[in-house]
Amino acid sequence: MSPKPRSGLGVFEGYHSAQVPATVRLNTNESPFPPPSYLLSRWSEAVQDLSLNRYPDRQATMLRQAIARFHKVEPEMVFVANGSNEVIQSILLAYGGSEAKAASFEPTYAMYETISRVTATRYVPIERGADLRIDASRLEPDLAAAAASLVFVCSPNNPTGMAEDPSLLSRLAADPERLVVVDEAYGQFSPQSMVPEVASRSNLVVVRTFSKVWSLAGMRIGYAIAPPEVAEVLWKVALPYHLDSSKQLLALYSLEYVSEMEERVAQLVAEREHMAQRLSDLPVEQWPSAANFILFRPRDRDAGRLWEQLVERGILVRDWSKWPRLENCLRVTIGTESENRAFLDALEELLA
Ligand SMILES: *Cc1c(COP(=O)(O)O)cnc(C)c1O
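Bear in mind that the values here come from a model prediction, so they are computed numbers and not experimental data.

Moving on to the nonpolar core. The biggest cluster of nonpolar side chains holds 84 residues, and the ones touching the most others in it are Phe105, Leu172, Ile225, Val317 and Phe343. Each residue touching leucine 172, except ones within four places of it in the same chain, is listed here: Phe105, Leu139, Leu143, Val151, Val153, Arg178 and Val180. Listed in part, the 26 residues of the second largest apolar core include Tyr109, Tyr123, Val207 and Ala226.

To continue, consider the sheet that holds strand S12 (residues 330-333). With respect to topology, five strands assemble into an open sheet ordered S1-S11-S12-S10-S9, the strand pairing being mixed. The open sheet has two edge strands with one neighbour each: strand S1 (24-26) and strand S9 (284-286). Within this sheet the neighbouring strands show an average axis-to-axis angle of 35°, counted without direction. Along the sheet, helix H10 (residues 258-279) contacts S9, strand S10 (293-298) and S12; its crossing angle with S10, the most-contacted strand, is approximately 10°. Most of the contacts of helix H11 (residues 303-312) go to strand S11 (residues 315-319), to which it runs at about 155°, and overall it touches S10, S11 and S12.

Here we come to the side chain of threonine 333. Positionally, threonine 333 belongs in strand S12. For threonine 333, the contacting residues outside a window of four places in its chain are Leu26, Asn27, Thr28, Asn29, Glu30, Met275, Asn292, Phe293 and Asn340.

Before going further, it helps to examine the packing of helix H1 (residues 37-48) against helix H9 (residues 245-254). Relative to each other, H1 and H9 sit at 145°, their axes nearing to 10 Å. As H1 runs across H9, the sense of the crossing is right-handed. Listed contacts from H9 to Leu39, Leu40, Arg42, Trp43, Ala46 and Val47 of H1 are Ser246, Leu249, Leu250, Tyr253 and Ser254. In terms of residue class, the contact of H1 with H9 is made up of eight nonpolar, two polar and one charged.

Bring the parts together and some accessible area is lost; that lost area is often taken as the interface size. Here the domain parsing of the protein yields domain 1 (9-35 + 259-351) and domain 2 (50-256). Listed per partner, the contact involves 31 residues of domain 1 and 32 residues of domain 2. For the pairing of domain 1 and domain 2, the buried interface totals around 2500 Å² over both sides, and the portion due to carbon and sulfur atoms is 68%. At the junction of domain 1 with domain 2, the criterion picks out one salt bridge. Between arginine 325 and glutamate 127 there is a salt bridge, with the nearest N and O atoms lying 2.7 Å from each other. Applying the counting criterion to the domain 1 and domain 2 interface returns seven residue pairs in polar contact (both at pLDDT 80 or more). For the side of domain 1 that touches domain 2, the secondary structure elements donating two or more residues are H10 and S10. Class assignment of the residues belonging to the side of domain 1 that touches domain 2 gives a composition of 20 nonpolar, six polar and five charged.

Our focus in this paragraph is the pairing of S11. Every other side chain in a regular strand lies on the same face of the sheet, so the side chains alternate between the two faces. With four of its five residues buried, S11 lies for the most part within the structure. When S1 meets S11, the two strands line up parallel, connected through three bridges. Following the sheet pairing, valine 24 is matched in S11 by isoleucine 315. The sheet contact formed by S11 and S12 spans two bridges and is antiparallel. Opposite arginine 318, over in S12, you have arginine 331 as the bridge partner.

The next point concerns the site of the ligand. Taken together, 13 residues surround the ligand, and among them Ser84, Tyr186, Thr209, Ser211 and Lys212 come closest. Between the ligand and aspartate 183 there is a distance of 2.7 Å, counted from a nitrogen atom to a side-chain nitrogen or oxygen. Note that an oxygen atom of the ligand is positioned 3.3 Å from one of the side-chain N or O atoms of lysine 212.

Scoring rules and cut-offs
- Residues numbered from 1 in each chain as written.
- Predicted model: local features only at pLDDT ≥ 70, side-chain atom pairs only at ≥ 80, totals over all residues.
- Heavy atoms only, no water.
- Core = buried A, V, L, I, M, F, W, Y, C linked by side-chain atoms within 4.5 Å.
- Buried < 20%, exposed > 50% of the residue type's maximum accessible area, 1.4 Å probe, protein only.
- Contact = heavy atoms within 4.5 Å.
- Pairing = 2+ DSSP bridges.
- Helix = DSSP H or I, 4+ residues; strand = E, 2+ residues; numbered from the N terminus.
- Axes fitted to C-alpha atoms, helices over the stretch in contact; angles between N-to-C directions.
- Left-handed = near helix turned anticlockwise from the far one by under 90°.
- Nonpolar A, V, L, I, M, F, W, Y, C, P; charged D, E, K, R; others polar.
- Domains from an automatic or database assignment.
- Buried area = accessible area lost by both parts, 1.4 Å probe.
- Salt bridge = Lys/Arg side-chain N within 4 Å of Asp/Glu carboxyl O.
- Polar contact = N/O pair within 3.5 Å; in protein donor to acceptor, adjacent residues only side chain to side chain.
- Near = heavy atom within 4 Å.

Quick look at the structure:
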């Protein structure tokens with residue numbers, strides 16, 4: 001006999017991406033590039049001078065100011081946490097709970113449902129259309145049926161890669177009593193963003209991360225751009241001193257290298273277009289991506305078996321083939337030019 005955990009936590013089997021040895025890792029949408037080496041040396045030197053016997057700046061003042069400058073918003077509109085997953089958890093701790101309901105458009109990022117459950121919030125899936133886009137013609141009735149006080153929408157969406165129409169996202173935020181959270185983890189790969197809309201709305205939050213384009217997945221830094229009243233509530237539910245001093249410093253320094261980051265984004269976008277082009281010559285269906293990955297479905301082939309054959313060749317992609325609504329689909333992250341070539345050559349050979 002073991003102590004019984006709180007009911008409703010559920011078991012989240014099958015969510016985590018398989019971690020198997022592979023030389024070409026294109027399964028978790030990280031940046032294939034390490035952070036710039038001069039950034040790392042500057043940071044590691046500065047870490048020596050941090051007073052680590054003291055608690056960090058609890059409100060990450062300098063970092064918030066830098067993020068605010070980057071997005072042309074006020075520092076009071078910035079909340080920072082250990083990865084955007086913790087930002088999402090903070091939002092659910094503050095606005096979810098047993099009396100609330102959260103909704104999102106499936107298929108989407110699985111953490112909205114997982115963290116809803118962990119915070120005892122009821123989760124309501126809303127079905128996307130057959131093209132895997134949010135069905136604009138059903139939006140208001142679907143929202144009314146879901147009766148959710150919180151809506152998560154991932155744009156560009158993981159794992160489909162498609163960005164949502166900004167006017168549709170504005171329609172989501174039409175009811176001021178509903179908190180709308182737009183997850184822009186892949187925002188820099190897409191020409192559009194909802195950040196400029198936040199200042200004029202009381203119920204719109206945009207979530208961003210340093211994990212993808214900033215090449216800092218290992219450091220766990222994410223943030224929200226939110227109305228000041230909402231940001232204030234998020235700071236209330238955060239644990240005291242949740243952001244360590246070295247992390248605050250690294251994120252702060254990273255924001256001084258915007259052009260380097262943009263160069264990498266441009267490189268990955270060019271690689272993505274090249275990958276989409278080559279996939280279009282193969283017997284696969286693919287969805288147009290505004291992110292750093294592409295969802296595709298081999299025709300007349302078992303995707304699970306294809307995934308294994310790729311692994312045998314040292315290439316790891318993400319297997320979505322057993323997921324509802326994503327039957328027989330695989331997702332490939334855009335890597336370096338040589339990684340992408342290795343993947344495409346292997347795929348071409350396997351599908352020949
Ligand atoms: C990768 C990803 C994140 C990032 O999570 P972190 O906790 O910041 O690493 C958030 N949302 C989506 C949709 C993602 O794909």
